[in-house]
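Secondary and tertiary structure notes
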Amino acid sequence: MTEDFKQNLLCIGAGYVGGPTMAMIAYKCPHYRVTLVDINARRIDEWNSDRLPIYEPGLDEIVKAVRGKNLFFSTDIENNIREADIIFVSVNTPTKTFGVGAGMAADLQYWEKTARQILACSDSSKIVVEKSTLPVRTALAMERILNSNNRHLHFDVLSNPEFLAEGTAINDLLKPDRVLVGSRLTDSGIAARQQVVDIYANWVPMERIVTSDVWSSELSKLVSNVFLSQRISTINAISAICEKSEADVANVARAAGMDPRIGSRYLNASIGFGGSCFKKDILNLVYISKSYGLDEVADYLHSIVRINAYQKERFVENMLQAMFNTLAGKRIGIFGFAFKANTGDTRESPAIYIARRLLEEQADLVISDPKALGNARNDLADADGRVAYVEDPYQAASGCHAIAVLTEWDQYKTLDYEKIFAGMVKPAFIFDGRNIIDHQHCFDIGFNVYPIGKPPLTHLE
Ligand code: UDX
Ligand code: UDX
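In this text, all values refer to a predicted model and were calculated from it rather than measured experimentally.

Okay, the site of ligand 2 next. Neighbouring ligand 2 are 19 residues; A165, N268, S270, F273 and G275 lie closest to it. Top contributing element to the shell around ligand 2 by residue count: helix α9 (residues 214-245), with three residues. Here the residues of the shell around ligand 2 sort into 11 nonpolar, five polar and three charged. When residues are assigned to domains, the shell around ligand 2 turns out to be shared by domain 1 (2-204) and domain 2 (222-310), each giving three or more.

The structure is reproduced here in structure tokens:
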């Protein structure tokens, strides 16, 4: 079976990163055999079914085109390790919840366990590629574990961080801005790196494939997320000033973003960033900075996360204040629960915090989202009875005192807000946490409208 293929590629961890990445590699490189394994048997079953475990535009078509040809999903981790030439590791590295570094450092237990399993099951030398985002110098620890064998097996540990964003993952994989591969600068490291470069070179122009030492590669991933999240926290901090000073954050962002040194993207004020990466990666760097005694650096980076938390709380406090300082017994329609549009993922979604705070204020919630209701149910499982889940936004808003738009799904831009207004309790409120709806139009209909970083439009004295 393996003779027909140039190499066997394996990915351990068939999640949001491993799944789409390896599917794309299989799609673009028919001469490689690509297998994904996961400890979660249900996830693997789903990857082998018509209903994939994650929603990502364009992913279904790619998986269907190559599954069973050169793309396979399996729970047999041991045998697949044995047969693999190159092993990508994409297991989760959540923030540690216990012991030293709790709440900050990365929990590397799955990574280390995986490294030990690779060692235990290998009977030939292999290349191991870090796909998970890891603290700087993790590769060194992994190398030590893997090369601590007396069976003459040699492992090169490379860093090949993933820069895809959810919702646009397929396009990001098809046309990446850059592919980064870091290795040790030894002969063996550079040769291993070339093998990984060769895979991507099947569809990525060579000038976009960047090589470096392994530490720079690990750090670059974290730094990219610092820059992106820092922009969001900066514009969100500015949105608070705008609300007080009656400036309009969209105008400010547009004017600032026209300077090419600043650039216009990632300047949308919001209820704060979510997703599995930004907060985790920044806290990770905060922890590393502290452990190097760089307290000022740690403080600076930590402020990105602090502003993000502040922005979510500010949104809730604005709702409370606008609605006469009480939400108890009021019904609030939540439009969008995913951490961003075009995904069903709710990890670190600001909607979770906001929903919990609204429940604390004893509001009743009706949550609507085109893709994330399943995850929302899990996230709020302990709030039974106080939360309803309704896919249709019109139905969700019916009988509500207020709507809070928490995810920037396109469909919320074009709803018939006149119809929605007619079915709501008056005075009716809209809190647009993503600045995506037509505020003037909703005001004209009769809504009291509260955008982010802009003066509210209200009929109340
Ligand atoms: C993960 C990490 O969270 C992130 O830090 C990194 O940048 C990329 O990999 P993601 O793919 O979004 O991101 O995570 P997730 O969807 O949770 O997938 C991880 C998968 O690994 C899960 O399916 C889990 O079951 C699997 N896993 C975890 C293993 O197969 N073995 C383990 O020991 C632990
Ligand atoms: C991010 C990075 O973009 C990606 O390169 C990295 O590999 C993983 O982390 P992702 O978390 O999937 O990707 O989504 P992203 O589009 O970056 O959005 C993150 C959060 O920021 C979302 O909650 C989004 O709504 C929010 N956001 C984004 C804003 O609030 N304003 C913006 O202008 C942009």
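The discussion continues.
Neighbouring ligand 1 are 22 residues; G13, G15, Y16, V17 and T133 lie closest to it. The element contributing the most residues to the shell around ligand 1 is helix α5 (residues 109-121), with three residues. Grouping the amino acids of the shell around ligand 1 by side-chain chemistry returns seven nonpolar, 11 polar and four charged.

Formed by 59 residues in total, the largest nonpolar core has its most connected members in L10, A23, I25, A26, I87, V128 and V129. If one sorts the elements of this core by residue count, helix α1 (residues 18-28) sits on top with six residues. Beyond its immediate sequence surroundings of up to four residues, V128 is in contact with I87, V89, I118, M142, L146, F155 and V157. Within the second largest apolar cluster, 48 residues are counted, among which are M319, F335, L358 and F431.

Judged by pairing direction, the sheet is parallel, and its six strands sit side by side in the order β11-β10-β9-β12-β13-β14 without closing on themselves. Across the chains shown, the open sheet's two edge strands, defined by having one partner strand only, are β11 (387-389) and β14 (448-450). Strand-to-strand twist in this sheet, taken as the mean axis angle between neighbours without regard to direction, amounts to 20°. Direction of pairing for strand β12 (residues 402-405) relative to strand β13 (residues 429-432): parallel, over a ladder of four bridges. Residue pairing in the sheet places V405 in a bridge with D432 of β13. This element, helix α12 (residues 295-322), spans β12, β13 and β14 of the sheet and lies at about 165° to β13.

Attention shifts here to unusual backbone geometry. A cis geometry characterises the amide bond from K426 onward to P427, with omega recorded as -5°. Secondary-structure assignment places P427 in the loop between α16 (417-422) and β13. Non-glycine residue H152 carries a positive phi angle of around 60°. At Q362, a residue that is not glycine, the phi angle is positive and equals roughly 65°. Inspection of the secondary structure puts Q362 in the loop between α13 (350-360) and β10 (364-368). Classification of Q362 by C-beta neighbours within 10 Å gives exposed; the count is 12.

A packed helix pair is summarised by two numbers, namely the angle formed by the two axes and the spacing between the axes. Close contact between α12 and α13 brings their axes to 10 Å; oriented N to C, the two are set at 40°. Classed by the angle they form, the pair α12 and α13 counts as oblique. Viewed along their axes, α12 and α13 form a crossing whose handedness is right-handed. Taken together, the residues of α13 that come into contact with α12 (itself represented by K312, F315 and V316) are P350, Y353, I354, R357 and L358.

Our next topic: the packing of α1 against helix α3 (residues 59-66). At their nearest, the axes of α1 and α3 sit 9 Å apart, and the two run at 50° to each other. As judged from the angle between their axes, α1 and α3 are oblique. Our pair here, α1 against α3, has a crossing hand that is left-handed. In contact with P20, A23, M24, A26 and Y27 of α1, α3 contributes L59, I62, V63, A65 and V66. Classifying every residue of the contact of α1 with α3 gives 10 nonpolar, no polar and no charged.

A separate point is the domain arrangement of the protein. The domains assigned to the protein are domain 1 (2-204), domain 2 (222-310) and domain 3 (315-450). When each unit is reduced to the centre of its C-alpha atoms, the spacing between domain 1 and domain 2 is 30 Å. On the side of domain 2, 11 residues touch domain 1, which itself brings 11 residues to the contact. Residue composition of the side of domain 1 that touches domain 2, grouped by class: seven nonpolar, three polar and one charged.

With that out of the way, let us pick up the pairing of strand β5 (residues 126-130). Burial within β5 is extensive, with five of its five residues counted as buried. Residues K126, V128 and E130 of β5 are buried on one face, and the alternating residues I127 and V129, pointing to the opposite face, are buried as well. With respect to chirality, the unit in which strand β4 (residues 86-89) leads through α5 into the neighbouring parallel β5 is right-handed. In this sheet, strand β6 (residues 155-159) lies alongside β5 in parallel orientation, the contact comprising five bridges. If you follow E130 over to β6, its bridge partner there is S159. Of the crossover connections in this fold, the one passing from β5 over helix α6 (residues 138-146) to the parallel β6 is right-handed.

Next up on the list: the environment of Q362. With 35 residues separating them along the chain, Q362 and L327 place their C-alpha atoms 6.4 Å apart. When sequence neighbours within four positions are dropped, the list of residues in contact with Q362 reads L327, A328 and G329.

Conventions we followed
For every chain, the first residue of its written sequence is number 1, and the numbers climb from 1 along that sequence. Each chain is given a letter, starting from A, and each ligand a number, starting from 1, according to the order in which they appear as written. With pLDDT at 70 or above as the cut-off, local features in this predicted model cover only qualifying residues; side-chain atom pairs require 80 or more to be listed or tallied, and sums for whole chains, interfaces and linings still use all residues. Using a C-beta atom placed from the backbone for every residue, we mark a residue as near a molecule or strand if that atom lies within 6 Å of it. Only DSSP runs of H or I reaching four residues or more are called helices, and only runs of E reaching two or more are called strands; each is numbered from the N terminus. Polar here means any residue other than Ala, Val, Leu, Ile, Met, Phe, Trp, Tyr, Cys and Pro, which are nonpolar, and Asp, Glu, Lys and Arg, which are charged; Gly is therefore polar. Domain ranges listed in this record stem from an automatic or a database domain assignment. By convention the nonpolar core is taken to be a set of buried residues drawn from Ala, Val, Leu, Ile, Met, Phe, Trp, Tyr and Cys and joined through C-beta atoms within 7 Å. Once C-beta atoms are placed from the backbone, each residue is buried if 20 or more other C-beta atoms lie within 10 Å of its own, exposed if 12 or fewer, and partly exposed for counts between those two. Each residue is represented by a C-beta atom placed from its backbone, and any two residues with such atoms within 7 Å are regarded as in contact. Paired strands are those between which DSSP finds at least two bridges. Convention adopted: a line fitted to C-alpha atoms gives each axis, helices being fitted over their contacting stretch, and angles between N-to-C directions are expressed from 0 to 180 degrees. For classification purposes, angles smaller than 35 degrees are called roughly parallel, those larger than 145 roughly antiparallel, those between 65 and 115 roughly perpendicular, and all remaining angles oblique. By definition, turning the near helix anticlockwise from the far helix through less than a right angle yields a left-handed crossing, and turning it clockwise yields a right-handed one. Whether a crossover is right-handed depends on one test, that the path from the first strand over the helix to the second runs clockwise when the strands point away from the viewer.

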